Amino acid sequence: MPSARVRPALVAAAAALLLAACHATPRPLPEPAPVRPQWRAVELALPAGAVGRPVPRDAARCAGRWYVVGGLVDPAGETRPAAWSSSDGVSWSPIPVRAQTFYGRQHVLYAVACRGDGMAALGAKTGGVHGNPRTGTWVWRPGGPVREVPAAFELFGGPRAVSASRLAAGPGGWLVAGSRADGAAVWASPDAEGFVLREGVAELAGDGRGRTAAYDVAAVGAGWLVVGSLLPPGGTARMPVAWSSADGRVWRRAALPVPAGAAGAAERVVPADGGPVVVGPVGDRFAVWRPCGDCGTPSAGPGGAAQGWRRVGGFGTGGPGVSSVDALAASGRRLVAVTGDGAQRRLWMSRDGGASWLPVITPVPVPDGGDAALAMALGEDGLFVVADDGKTSRAWWGALPTIDR
C-alpha cells in the first residue's frame, strides 16, 4: 500500500494527464464511407449512318422508361440533336430525331422531362449575329421520332431573352422555367406541342424587392413548384426562393430559410416521398429544404394549403469550392445530386429524404467547366450515369445497395 507521501504525487500526475487531455486537439470523427455502386459500362450507340461521338447532357426516368438527351458532334465540330431510350437502364437504343429548322438541325438537347405518354426536351445552338442561344422544344410520343416543335423566334429568344433552364411534366401539362428581362418566367403547354410564354407575372417576376431568376421546376400534385433566386436592389448576394402555383398562371413566392448573413440560391427541385425536395448552394455548403405546414412564413402551396419551408440538411466539403447543383433525382427514400465545386463534378446520395448525405464514387473524374457534363437518372435499384469530359463520353449503370424499409 503506497505511503501517504506518495499519494499526493500520484494525484498530481493524474491531474496533469487529465489537463493535457482536455487541451489536446480532439481526434476528428471518422468520415462516413462513400457509396460505391457496382458500375457496369453501357453503350449509347450511334444512330444508323451517324459519325462522331455522343454528347449526353441530361437523363430522366418515368413510367418504367429511361431517357438520355444530348447531341452528336462530328470530327469537324458540327453538332446535331440526339436521344436514346432504355427499358432497363442497361440496353440503350437511339431514338430517331426529326429537325425542322436551320438551328434545330444543330441543336444539342440539354434538358429532358417525361411522363407516361412521352418525353419532351429543350435544345439550343449558339448562332445569329449576336451569338445568342437559339432555343427550342422537342417532343416524343411512343413509336415516333423526337420532333422539333417550330416556334416564333421571340418565344424563347429575342431582346428580352435570358434563359430557358429546365422543364417538367405533370397532370397539368408541361412547364418550362427560366428568366426574361424582368425576371423569372414560365412557358406552359398542355401537351408539349407548343408553349405559351408567361412573363412579367406578379410575384414571379422581379419587383421592388429585387430581381428574380428561375432555375428549375417540378410538378407537385396537380400544380407546380419553381425554384430560383432573388437579388435585392443594390445587392450582390442572391437569396433562395420558391414559387408555387395551382395552374401555372397565379404564383406565390416564399423565401427559403438561410443562416443570418448567408447567401445562396435554390437550383434544383424534385418530387419525392414526403413532398418536394429543393437543393442549392448556401454559403460554403449545399443546403436542402423541404416544405412544412407550421414553419416559416406561410405561402399557399400547389394544392392551396398554407405551408412554409425548413432547412432539413446540408452537405459538401465546407470549403470555398461550392459552386452549383447540376442535377437532382429521387426514387423512394433515395435522393441523388450532381454538384460542381469549380474543379470537379461530384455525385452525392441521401437515403433519408435529404437529412444526411454521402459522397458517391463516380466511375471516372469529370471536370467542372468547359464542355464537360455529368448527368444521371435514378431507379429503384440502380443509378444511370453519363459523363462527358469534353473529349470523350461514356455511360454506366450502377447497382445500388438495398435500403431497409
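Scroll up to find the structure.
Residues numbered from 1 in each chain as written. Predicted model: local features only at pLDDT ≥ 70, side-chain atom pairs only at ≥ 80, totals over all residues. Heavy atoms only, no water.

All right, on to the packing of aromatic side chains then. Under the definition given, this model contains 8 aromatic pairs. Ring pairs connect the aromatic residues F286, F315, W348 and W357, which therefore count as one cluster. (Phe/Tyr/Trp six-rings, centres within 6.5 Å; stacked < 30°, edge-to-face > 60°.)

Within the largest apolar cluster, 19 residues are counted, with the highest numbers of intra-cluster contacts made by V336, L347, L374, M376, L383 and V385. Of all the secondary structure elements, the ones that give two or more residues to this core are β24 (324-331), β25 (334-340), β26 (344-350), β27 (358-360), β29 (373-378) and β30 (382-388). Leaving out residues up to four positions away in the same chain, M376 has contacts with A59, A327, L328, A329, V336, A337, V338, L347, L383, F384 and V385. (Core = buried A, V, L, I, M, F, W, Y, C linked by side-chain atoms within 4.5 Å. Buried < 20%, exposed > 50% of the residue type's maximum accessible area, 1.4 Å probe, protein only. Helix = DSSP H or I, 4+ residues; strand = E, 2+ residues; numbered from the N terminus. Contact = heavy atoms within 4.5 Å.)

Considering the arrangement of structural elements, one finds Q106 in the loop between β6 (97-98) and β7 (108-115). With residues near it in sequence (within four places) discarded, Q106 still touches E78, T79, R80, P81 and K125.

Even without being glycine, A63 reaches a positive phi, approximately 50°. Mapping A63 onto the fold places it in the loop between β2 (53-62) and β3 (65-73). Given a relative accessible area of 66%, A63 falls into the exposed group. Unusually for a residue other than glycine, A192 sits at a positive phi of about 65°. For A192, a relative accessible area of 1% translates into the label buried.

Using the criterion set out here, one finds 1 disulfide in the structure. With its sulfur 2.1 Å from that of its partner, C62 forms a disulfide with C114. Of this pair, C62 sits in strand β2 while C114 is found in strand β7, placing the two residues 52 residues apart along the sequence. (Disulfide = S-S within 2.5 Å.)

Further remarks concern the sheet that holds strand β1 (residues 38-42). The antiparallel open sheet is built from 4 strands, whose spatial order is β1-β31-β30-β29. Only two strands of the sheet have a single partner each, and these edge strands are β1 and β29. The average undirected angle you get between the axes of adjacent strands in this sheet is 25°. Inspection of the sheet shows β30 paired to strand β31 (residues 393-399) by 7 bridges, in the antiparallel sense. Bridging across to β31, A387 finds its partner in R394. (Pairing = 2+ DSSP bridges. Axes fitted to C-alpha atoms, helices over the stretch in contact; angles between N-to-C directions.)

On to the pattern of salt bridges, then. For the structure shown, the criterion picks out 17 salt bridges. Residue R53 is joined to D388 by a salt bridge in which the shortest nitrogen-to-oxygen separation is 3.2 Å. Here the residue R53 occupies a position in strand β2, and D388 occupies one in strand β30, the gap between them amounting to 335 residues. Each member of the pair, R53 as well as D388, is classed as buried. A salt bridge links R61 to E380, with the nearest nitrogen and oxygen atoms 2.9 Å apart. Placement of R61 in strand β2 and of E380 in the loop between β29 and β30 is noted, with a sequence separation of 319 residues between them. Overlapping salt bridges bring together R160, R180, D182 and E199 as one network. (Salt bridge = Lys/Arg side-chain N within 4 Å of Asp/Glu carboxyl O.)

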